[in-house]
Amino acid sequence: ICLDYEKLLDNGIKGMKKLISQRKSRLPKEEQKRKLFEGMERALDLLAECCLYYSKMAAELAATEKKPARAAELEQMACALGNISSEKPKSLREAMQLSWLYTIISGSLNYGRMDVYLGDYLAADLENGVLTMTQAQELITSYWRLIADRKTTWNGRIIIGGRGRRNEKNADRFALLAMEAARTVRETEPQLSLRCYNGMDESLMDKAVSVIGEGCTYPILYNDDVNVDAVAKAFRISKEEAEQYVPFGCGEYVIDHKSFGTPSGIINLLKVLEITLHNGTDPLTGRAAGIQTGEFTDMKTFEQLFDAYKRQAEHFVEALAQQEMIEYQVAGREAPFLFLSMLYDDCLERGKGIFSGGIRYLGGTLETYGNINTANSLLAIKETVYERKLLTQQKLLEVLDKDFEGYEKERSLLLSVPKYGNDNTIADEMAMEVHEHICHTIRNQAERTGLHSYLAVIINNDANTTLGRFTSASADGRRSYEFMANGNNPVGGTDTNGLTAMLNSLVKLDPAIHAGAVQNIRLSPEWFRNNAAAVKSILKTYFEKGGTQAMITVVNKYDLEKAMLEPEKYGHIFVRVGGFSARFAELDRSVQLEILSRTQY
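Quantities reported herein were computed from a predicted structural model and do not represent experimental measurements.

Some thoughts on a nonpolar patch on the surface
A surface patch of nonpolar side chains, amounting to about 400 Å² of accessible area, comprises Tyr53, Tyr54, Met57 and Leu61. Checked against the element boundaries, Met57 lands in helix α2 (residues 31–64). In this structure Met57 comes out as partly exposed when scored by relative accessible area, which is 35%.

Written out as structure tokens, the structure is:
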């Protein structure tokens, strides 16, 4: 969820109640809508009571505090909390306090375009002498610690930068302080995300590269020059609305306080291929798991196999799309989600809860995993079985069912087939075919289910590892139960032609037919420190060629290996797992091994 914090701050609690009262007065005979508005008014009363409760607590603590500096801080808190209980915020402290309490009480896990809704308050306080730059930085840094303490793991998104900001200069001042807070507060949250574009203030990218180079996994970089047009096409909305896209969770996109895109379904494409090769049966359990598409041994051409795989994938996608619509229907029937609905377009105007017909764009997302392994496997089957006839269909099934035990020669043969991530035309074209089929299949479900949009998200938390444990050996050479590739990235260690080649492969996958994809890059500290200008140049070229985003981890492979042996000494190392960051030493060993397998540049 990404709430309209500007609306909250512009109106304050009292102003929000006035807006609701005005809407209620226009609906004298619509009892259901009147009850919704009355519920919202009571919710705001509760929020005001919370402000006063904490104001009193802060004042009492200030009265007994012996340290003058701390007593002054507590008095400021008490004053700010008392003010926002009845008036709209007048300072950065008050604006942060109101948005924070609203976030906590509403249950929202993300923070939207913070530089937009707090930038003007920062600028006004600095210009009027309410805060010095040092005090402003301390305030923002303390906010970062509060957010970090929530430990939501996959959320905590704060968006800075990007097109479509009404107050770019003021927002940029906040964005710079936000990146410094990320550098200072070395935690897994908040997930600071910088939207970049041609013509933005260069100091933002300079600061971002500097912070990332110190081993901080934030900010995550998003390329507006590609993403805005891609979002407009994928969501079927105007470019102006698309400028308000915000990543959330592990990298999915929604439109700020206008659309919703989860609870996500999940599909493992490599498992889909595995089931297809066994005519609808899961070879690990021996049970029927999908539709029967015919025996692999009877498929005379690769096209027949690919068609069977597609039909199997479509079968699961249709069921998952229906499931998501049912979840929304149940949610809308059971609860009005008062705090969320008040700050979402167009719930007040329609007099309906967010999932009861109030939201402007109700969409869905389907997380896809194993995409790249599936593409590599299909190419391996195409070349070794159908084109070069080095393996029979029966022999391939035998090799996979035995998990390559006793078949190292056959495994080497499969591994030798070109792999995605090397700017290899054949391998990348297969990845594009798999990508386009699943994205279009998912997108086509929207009209059937009644959703405004239903889109693939090629993200990753650690599900590529978790789902790998339930997936048998695959034709790309991967052994049973091993992890799969992360998001749109190459299978770990198979991108052997260098960073430029890997990035060239990434940009070939169409971004205008999905709602977000993960691109993780691991760079060595030595190379990064000695080549900061080259890093900026590579990122610039990557974005100009169509790159959508970059999640960069700057860490030495040797340190990761040491952290697995002596975790107590390496708690300071952070890595991008997929769409989220974590302390490497705290991760499950299987996830650590997947991260370690990734190519380091």
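After presenting the structure, the write-up continues.
Describing a negative patch on the surface
A grouping of Glu303, Glu387, Glu429, Glu433 and Glu436 is seen on the molecular surface, where their side chains present a negatively charged patch. Mapped onto the elements, Glu433 comes out in helix α19 (residues 425–443). For Glu433, a relative accessible area of 41% puts it in the partly exposed group.

Side note on the side chain of Arg411
Looking at the element boundaries, Arg411 is found in helix α18 (residues 408–415). The side chain of Arg411 sits in the buried core without any salt bridge; Glu408 is the nearest counter-charge, 4.3 Å away. Excluding residues within four positions of it along the chain, Arg411 makes contact with Phe404, Gly477 and Arg479.

Section: the nonpolar core
Core analysis: the largest hydrophobic core is formed by 187 residues, its most contacted members being Met114, Leu118, Trp144 and Leu221. Here the element with the most residues in this core is helix α12 (residues 302–334); it accounts for eleven residues. Setting aside anything within four residues of it in sequence, one finds Leu118 in contact with Leu9, Leu92, Ala95, Met96, Tyr143 and Phe174. The next biggest cluster of nonpolar side chains, apart from the first, holds five residues, and it includes Cys2, Val246, Phe248 and Val254.

A word on α18
Of the positions making up α18, those classed as buried are Glu410, Arg411, Leu413 and Leu414. Buried residues in α18, looked at end-on, bunch into an arc of 155°, giving them a common side. On its buried face, α18 sits against α16 (371–387) and α17 (393–401).

Quick word on the environment of Ala95
Following the sequence through the fold, Ala95 ends up in helix α4 (residues 92–106). Overall, Ala95 belongs to the buried group, its relative accessible area being 0%. Separated by 303 residues in sequence, Ala95 and Glu398 have C-alpha atoms that sit 64 Å apart. Here Ala95 is in contact with Leu9, Pro89, Leu118 and Tyr121, once residues within four sequence places are set aside.

Brief notes about the pairing of strand β11 (residues 453–458)
By the criterion of burial, β11 is predominantly enclosed, with six of the six residues buried. Across the two faces of β11 the burial is the same, with Ser453, Leu455 and Val457 and Tyr454, Ala456 and Ile458 all buried. As paired strands, strand β10 (residues 361–369) and β11 are joined by five bridges and run parallel to one another. Of the residues in β11, the one forming a bridge with Thr365 is Leu455. Examined bridge by bridge, β11 and strand β12 (residues 514–517) share two bridges and lie parallel to one another. What sits directly across from Ile458, in β12, is Ala517.

Some remarks on the packing of aromatic side chains
Counted by the stated rule, this structure contains 15 aromatic pairs. Between Phe260 and Phe355 the ring centres are 4.9 Å apart and the planes differ by 75°, which places this aromatic pair in the edge-to-face class. Here Phe260 is found in strand β6 (residues 259–260), whereas its partner Phe355 is found in helix α15 (residues 354–358), with 95 residues between them in sequence. Taking relative accessible area as the criterion, Phe355 reaches 12% and is therefore assigned buried. Of note, Lys310 hangs over the ring of Phe306, and the distance from its end group to the ring centre comes to 4.5 Å.

Procedures and definitions
Each residue is numbered by its place in its chain's sequence as written, counting from 1. Local features in a predicted model are, by the rule used here, given only for residues with pLDDT of at least 70; side-chain atom pairs are given and counted only at 80 or more, and totals for whole chains, interfaces and linings are based on all residues. The side-chain figures draw on all heavy atoms in the structure; neither hydrogens nor water molecules are used. Only residues whose relative accessible area exceeds 30% and that form no salt bridge enter a patch; like-charged residues are grouped when within 9 Å of one another, and nonpolar side chains (Val, Leu, Ile, Met, Phe, Trp, Tyr) when within 5 Å. A 1.4 Å probe and the Shrake-Rupley method give the accessible areas. Residues count as covered only by the protein chains that appear here. Any carboxyl oxygen of Asp or Glu within 4 Å of a side-chain nitrogen of Lys or Arg constitutes a salt bridge here. A helix here means a DSSP run of H or I that spans at least four residues, while a strand means a run of E at least two residues long, and both kinds are numbered starting from the N terminus. The classification of residues rests on relative accessible area computed with a 1.4 Å probe and restricted to protein chains. Under 20% of the type maximum is buried, over 50% is exposed, and intermediate values are partly exposed. We score Asp and Glu as negative and Lys and Arg as positive, and we do not count His or the chain ends. One atom stands in for each charge, and that atom is NZ of Lys, CZ of Arg, CG of Asp or CD of Glu. Contact between two residues is taken to exist if any of their heavy atoms lie within 4.5 Å; hydrogens are not considered. Side-chain atoms within 4.5 Å link the members of a nonpolar core, which is a set of buried Ala, Val, Leu, Ile, Met, Phe, Trp, Tyr and Cys residues. By arc we mean the arc of the directions from the helix axis to the C-beta atoms, nothing more. A strand pair is defined by DSSP finding two or more bridges across the two strands. Aromatic rings from Phe, Tyr and Trp, taking only the six-membered ring of Trp, are treated as a pair when their centres fall within 6.5 Å; an angle between ring planes under 30 degrees marks them as stacked, one over 60 as edge-to-face, and anything in between as tilted. We call a charge positioned above a ring when the Lys NZ or Arg CZ atom is no farther than 6 Å from the ring centre and deviates by at most 35 degrees from the ring normal.

No statement about biological role is implied by the geometric values presented.
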